[in-house]
Amino acid sequence: MENVTIIGTGPAGLTAAIYAARADLEPLVLSGNLPGGQLTQTTDVENYPGFPAGIQGFDLMEALRGQAERFGTRIKSDAVTGVDLLDGGPQSLTLASGTVLETKALVVATGARPRWLDLPSEEALKNKGVSGCATCDGAFFRDVPIVVVGGGDSALEEALFLTRFGSKVMVVHRRGELRGSKIMQARALAHEKIEFLWHSVVHEILDVSQDTVTGIVLRDVRDDSLRTVDCSAVFVAIGHIPNTDVFEGKLAMADGYILPRECGRSFTSVEGVFVAGDCADHIYRQAITAAGMGCQAAIDAERWLAEVE
Ligand code: NAP
């Protein structure tokens, strides 16, 4: 029987591991399908405190992993395919390898994955002008035209943020009205640097042959006509998908995000199961907020274990 098992090796999971390991709980961490989490997919991280010159996402995750292992964390390369949750525990996890393990406390830090357009040109130009995070990459595109794809709050927020850098920001939306909240719509629609390209979807991102973004080919969904728009960056903001399928019907959730029992705490609807990071956060979604939530989950788990034992 494990004391604490942590699912996920992003900033939330590894920070939970550092805290749990330093509390002598000898945590087991399951690395999941994307070891290191979303940060391993980005290049420069300039907003994680403590790195004045920035750090590569991959290097940051290696450092967190090393820090967790230094205090006795065990990291197992495996993914959870099934769970059997019981109020008060023990929790039972079935892994892709076929192993079934039991744990007293469970920290769910499975993260989220950005929804992408699924175009071959998008895939080829990721980190070469195509990004899923304006906070992370916006500052690299100063005084150039920028495209944001999406019509929800994320797209509007990204577009407003990117007005600081771009010469103009063009929001590509597949319909003629926005999904985002009224206040965000009002701000974006009134902004002099933001232009809306309505009823349009991205048909292709240019230019794979130059290995950098030079524009997009837009398709008007009303008549299928194509046109080219010049830009130097494309931010895709069409929503995120929390990695919580395995907890469907087992933990309280809203729109696929795991709901904490109390706002700002890590306790879930099942006693002994704690949550941290992007799988429970559709608002901030930053490495540093995920790390903070990981710390909270480990402290909550440690105190809960001390109480029940
Ligand atoms: P969202 O509300 O689901 O919006 C996704 C947008 O992307 C929609 O406009 C959708 O178009 C479009 N879209 C989806 N799939 C697409 C595709 N394949 N091709 C082109 N367009 C596509 O997602 P979100 O903006 O990430 O927001 C998620 C939640 O977080 C919302 O509840 C939001 O209010 C909240 N949030 C809040 C804030 C804030 O308050 N500051 C900031 C960010 C997010 P359609 O409209 O046609 O469906």
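Residues numbered from 1 in each chain as written. Predicted model: local features only at pLDDT ≥ 70, side-chain atom pairs only at ≥ 80, totals over all residues. Heavy atoms only, no water.

1. Re the nonpolar core
One broad rule of soluble globular proteins: the nonpolar side chains tend to lie buried together. Stated formally: Here, nonpolar core refers to any group of buried Ala, Val, Leu, Ile, Met, Phe, Trp, Tyr and Cys residues whose side-chain atoms link them within 4.5 Å. Categorising residues by exposure relies on relative accessible area from a 1.4 Å probe, with only protein chains included: less than 20% of the type maximum marks a residue as buried, more than 50% marks it as exposed, and the intermediate range marks it as partly exposed. Helix and strand assignments come from DSSP, with helices taken as H or I runs of at least 4 residues and strands as E runs of at least 2, each series counted from the N terminus. For this analysis, residues touch if any pair of their heavy atoms sits within 4.5 Å.
Within the largest apolar cluster, 53 residues are counted, with the highest numbers of intra-cluster contacts made by Val108 and Phe247. Top contributing element to this core by residue count: helix H7 (residues 287-308), with 9 residues. Dropping the residues within four chain positions of it, valine 108 is found in contact with Ile7, Phe247, Leu251, Ile258, Val273, Phe274, Val275, Ala276 and Cys279. Within the second largest apolar cluster, 20 residues are counted, among which are Ala155, Leu156, Ala159 and Ala233.

2. Considerations on the site of the ligand
Rules: Being near a molecule or strand, for a residue, comes down to having at least one heavy atom within 4 Å of it. What qualifies as a polar contact is a pair of N or O atoms within 3.5 Å, subject to a donor-acceptor requirement within protein and to the restriction that residues adjacent in sequence count only when both atoms come from side chains. Values of accessible area rely on a 1.4 Å probe in the Shrake-Rupley scheme; residue burial ignores everything except the protein chains shown. Charged residues are taken to be Asp, Glu, Lys and Arg, nonpolar residues to be Ala, Val, Leu, Ile, Met, Phe, Trp, Tyr, Cys and Pro, and polar residues to be all remaining types, Gly included.
The immediate surroundings of the ligand are formed by 14 residues, with Asp153, Ser154, Arg174, Arg175 and Arg179 found nearest. Separating a nitrogen atom of the ligand from a side-chain N or O atom of glutamate 157 is a distance of 2.9 Å. In the environment of the ligand, an oxygen atom lies 2.7 Å from a nitrogen or oxygen atom belonging to the side chain of arginine 179. Isolated, the ligand exposes 910 Å² of accessible area, and the fraction of that covered by the protein chains is 72%. Residue composition of the shell around the ligand, grouped by class: 2 nonpolar, 7 polar and 5 charged.

3. What about the state of the cysteines?
Here is the rule: Disulfide: a pair of cysteine sulfur atoms within 2.5 Å of each other.
One pass over the structure, following the stated rule, counts 1 disulfide. Two residues share a disulfide in this structure: cysteine 133 and cysteine 136, whose sulfurs sit 2.1 Å from each other. Here the S-S torsion is close to 75°, and the disulfide linking cysteine 133 with cysteine 136 is therefore right-handed. Of all cysteine sulfurs in the structure, the one in cysteine 279 sits closest to cysteine 263, which takes part in no disulfide; the separation is 15 Å.

4. A closer look at a positive patch on the surface
Rules: Candidate patch residues must exceed 30% relative accessible area and have no salt bridge, after which like charges are joined if within 9 Å and Val, Leu, Ile, Met, Phe, Trp or Tyr side chains if within 5 Å. The term salt bridge refers to a side-chain nitrogen of Lys or Arg lying within 4 Å of a carboxyl oxygen of Asp or Glu. When charges are counted, Lys and Arg are positive and Asp and Glu negative, with His and the chain ends excluded. Positions of charges follow a simple convention, taking NZ of Lys, CZ of Arg, CG of Asp or CD of Glu.
A cluster of like positive charges, contributed by Arg113, Arg115, Arg174 and Arg179, occupies part of the molecular surface. Assignment of secondary structure puts arginine 179 in the loop between strand E12 (168-172) and helix H6 (182-190). Judged by relative accessible area, which is 63%, arginine 179 ranks as exposed.

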